[in-house]
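# A structural walkthrough
Each chain is listed here by its residues.
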Amino acid sequence: MNEDKQQEAQFLTTEHFVLQTARTGTIQEAIGRANLFIASVSSTAVALGFVAQVTQMGEAFLFFALIILPSLYFIGIVSFVRSVQVAIEDMVHARGMARIRRYFVERSPGARSYLMHSPHDDYRGTLDSFGLRLTGFQSFMTTAGMVNVISSVIAGVFVGLAIKAAIGVPPWALTLGGVISFIASVLICWQYEVRAWTRAEQNLVVHFRSEK
């Protein structure tokens, strides 16, 4: 019997290591995608600056911007979607590690006071481990939230330039169109993120809820 328990503990220790490695991979992927997107934005901004100087911001500049900005927005959107997926994967791995901590706490109750992270695998237990509270602004502090905002700025600039190229309107109308597009893009992406997290929470079975 003791040998079975020893093998069980060894298996869970190995599983904990595998989950930790997987979490490291998700974090590295999120950072890599964010860096790729930011580098693309920086390169595009430099290219637009050069073209603007050469063309005196004429029709050639508008043509160039209207071609390159949708491509940049596409990179931002796919980076955003993947960042959401990666964050959910990381959350699942973290919950798995919490369950393993629960196993060792149940076997050795005295070890509870030495653990920094929660042995509960629900959402509240995960947040409480880091002293966080769920707020509406919290999603914008993630990698996906950052990519969402920057991508939406690109969408706003594109719409403003598209309006300028299509019809002659005063600057305030261009600004208004860009702001509306920015807000619409932010809200659509934010709703996607909320729905994705909600589905993940509904599909994930919680075994050890927080006492709070």
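Data block above holds the structure.
These lines cover the structure that appears in this document, whether it is placed above or below. What you see is a predicted model, and the numbers here were worked out from it, not measured in a lab. (Residues numbered from 1 in each chain as written. Predicted model: local features only at pLDDT ≥ 70, side-chain atom pairs only at ≥ 80, totals over all residues. Heavy atoms only, no water.)

### Digging into the overall build of the chain
- When helices and strands are counted, the chain shows five helices and zero strands.
- Over its C-alpha atoms the chain spans a radius of gyration of 24 Å, topping by over 25% the 17 Å that the globule rule assigns to 212 residues.
- Counting only C-alpha atoms, the chain reaches 80 × 30 × 25 Å along its principal axes.
- Counting over 212 residues, the chain shows a buried share of 33%. (Helix = DSSP H or I, 4+ residues; strand = E, 2+ residues; numbered from the N terminus. Rg over C-alpha atoms; globule rule 2.2 N^0.38 Å. Buried < 20%, exposed > 50% of the residue type's maximum accessible area, 1.4 Å probe, protein only.)

### Quick word on helix α1 (residues 2-55)
- An ideal rise of 1.5 Å per residue puts 80 Å on 54 residues; α1 measures up with 79 Å between its terminal C-alpha atoms.
- Looking at α1, one finds that the buried residues are Ala9, Leu12, Leu19, Arg23, Thr26, Ala30, Ala34, Phe37, Ser40, Thr44, Leu48 and Ala52.
- Tucked into the core, α1 has its buried residues touching α2 (59-107) and α4 (143-166).
- Looking at the residues trailing α1, positive phi occurs at Gln56, about 55°. (Expected span 1.5 Å × (residues − 1). Contact = heavy atoms within 4.5 Å.)

### Re the packing of aromatic side chains
- Enumeration over the complete set of coordinates arrives at two aromatic pairs.
- Summarising the aromatic geometry, the rings of Tyr103 and Phe104 are spaced 5.2 Å apart at their centres and angled 80° between planes, so their arrangement reads as edge-to-face. (Phe/Tyr/Trp six-rings, centres within 6.5 Å; stacked < 30°, edge-to-face > 60°.)

### Overview of α4
- The terminal C-alpha atoms of α4 lie 35 Å apart, and with 24 residues this matches the ideal 34 Å at 1.5 Å per residue to within 8%.
- Of the positions making up α4, those classed as buried are Ala144, Gly145, Val147, Asn148, Ser151, Ser152, Ile154, Ala155, Gly156, Gly160 and Leu161.
- Lining the buried residues of α4 we find α1, α2 and α5 (171-203).

### A closer look at the nonpolar core
- Counting 20 residues, the largest nonpolar core has Leu69, Phe80, Val84 and Ile88 as its most contacted members.
- Secondary-structure elements contributing two or more residues to this core are α1, α2, α4 and α5.
- In contact with Ile88, other than residues within four places in its own chain, are Ala196, Trp197 and Ala200.
- Among the nonpolar cores identified, the runner-up in size contains six residues, and Leu12, Leu19, Met97 and Tyr103 belong to it. (Core = buried A, V, L, I, M, F, W, Y, C linked by side-chain atoms within 4.5 Å.)

### What about a nonpolar patch on the surface?
- A cluster of nonpolar side chains, namely Val179, Ile183, Leu187, Trp190 and Val194, defines an oily patch on the protein surface of about 390 Å² accessible area.
- One can find Leu187 in helix α5.
- Residue classification places Leu187 among the partly exposed residues on the basis of a relative accessible area of 43%. (Patch = residues over 30% accessible without salt bridge, like charges linked within 9 Å, V, L, I, M, F, W, Y side chains within 5 Å. Areas by Shrake-Rupley, 256 points an atom, 1.4 Å probe, with all protein chains shown as cover. Salt bridge = Lys/Arg side-chain N within 4 Å of Asp/Glu carboxyl O.)

### Quick word on the packing of α1 against α4
- Relative orientation of the contacting elements α1 and α4 amounts to 20°, with a least axis distance of 10 Å. As summarised for this structure, α1 and α4 are arranged roughly parallel, according to the angle between their axes. For the pair α1 and α4, the crossing hand works out as left-handed. Residues Ala30, Ala34, Phe37, Ile38 and Val41 of α1 form the contact with α4, whose participating residues are Thr143, Met146, Val147, Ile150, Ser151 and Ile154. (Axes fitted to C-alpha atoms, helices over the stretch in contact; angles between N-to-C directions. Parallel < 35°, antiparallel > 145°, perpendicular 65-115°, else oblique. Left-handed = near helix turned anticlockwise from the far one by under 90°.)

### Here we look at the pattern of salt bridges
- Overall, the coordinates contain eight salt bridges when judged by the stated rule.
- Where Asp90 meets Arg23, a salt bridge forms, and the shortest distance between an N and an O atom there is 2.8 Å. Of the two residues, Asp90 sits in helix α2 while Arg23 sits in helix α1, which places them 67 residues apart along the sequence.
- Note that Glu29 and Arg33 form a salt bridge whose closest N and O atoms lie 3.3 Å from each other. Taken together, the residues Glu29 and Arg33, both in helix α1 and four residues apart, mark about one turn of the helix.
- Classification of Glu29 by relative accessible area gives partly exposed; the value is 26%.
- Relative accessible area serves as the criterion here: at 31%, Arg33 is assigned to the partly exposed category.
- Look at the salt bridges and you will find they share partners, linking Glu8, Arg102, Glu106 and Arg107 into a network.

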